[in-house]
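# Report on the structure
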Amino acid sequence: MSEPSFRFVCAPSALIGAPSGWAREMLKEGEVALLGDEGLEAVNAVAHELDLVAISLIRAETSADRQDATVTAYAAALPLVWVADSFTERANAWARDRGPMTLLSQSSGPVDDEERRRIDRFVAILGRQSE
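Cut-offs applied
Residues numbered from 1 in each chain as written. Predicted model: local features only at pLDDT ≥ 70, side-chain atom pairs only at ≥ 80, totals over all residues. Heavy atoms only, no water. Buried < 20%, exposed > 50% of the residue type's maximum accessible area, 1.4 Å probe, protein only. Helix = DSSP H or I, 4+ residues; strand = E, 2+ residues; numbered from the N terminus. Pairing = 2+ DSSP bridges. Salt bridge = Lys/Arg side-chain N within 4 Å of Asp/Glu carboxyl O. Contact = heavy atoms within 4.5 Å. Polar contact = N/O pair within 3.5 Å; in protein donor to acceptor, adjacent residues only side chain to side chain.

### Points about the pairing of strand 1 (residues 6–10)
For strand 1, the tally of buried residues reaches 5 of 5 residues, placing the bulk of the element in the interior. Residues Phe-6, Phe-8 and Cys-10 line one face of strand 1 and the alternating positions Arg-7 and Val-9 line the opposite face, and both faces are buried. Bridge count for strand 1 against strand 2 (residues 30–35) is 5 bridges, and the pairing is parallel. The residue bridging Phe-6 from the neighbouring strand is Gly-30, located in strand 2. Relative to strand 4 (residues 80–84), strand 1 runs parallel, the two being bridged by 3 bridges. Residue Arg-7 lies in a different strand from strand 4, and its bridge partner there is Leu-80.

Shown next, in the form of structure tokens:
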């Protein structure tokens, strides 16, 4: 894949425990970056699940506002799927007001069936827009 059509940010636990192959299939046109606060073993497990030799990490910040700024900087001008335990008002406003499509998915731990379907619909819409 040359240039991703979207970016996906989450903690490793959001992808661990998902049905086999779901994340790999969903990310065919996307690029994943993990929030590393769950440790290297969890990051490594996701890299293996996605069959990636290398995987990106989003640096940890000292406050929620700074973490928001780091994730939004990573998103740049691409559509974004961001999975987190919770979102600040700043993150919600940024997602609502930015030009590229953005999906905030609240999940602490593995993304459940309903959220996976929501993410799949979002990624499908992105795919249709790029045709």
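There's more to say after this.
### Some remarks on the pattern of salt bridges
The final tally for this structure, using the stated rule, is 7 salt bridges. Across the pair Glu-31 and Arg-7 runs a salt bridge, and its minimum N-O distance is 2.6 Å. Taken as a pair, Glu-31 in strand 2 and Arg-7 in strand 1 lie far apart in primary sequence, 24 residues in all. Among the salt bridges present, the one from Glu-61 reaches Arg-59, with a minimum N-O distance of 2.4 Å. Three or more residues are tied together by salt bridges with common partners; here these are Arg-59, Glu-61 and Arg-66.

### Focus: the environment of Arg-59
Within the element layout of this structure, Arg-59 appears in the loop between strand 3 (56–58) and helix 4 (64–75). In this structure, Arg-59 is in contact with Gln-67 and Thr-70, ignoring residues within four places of it in sequence. Polar contacts involving the side chain of Arg-59 include one to the side chain of Glu-61, which spans 2.4 Å.

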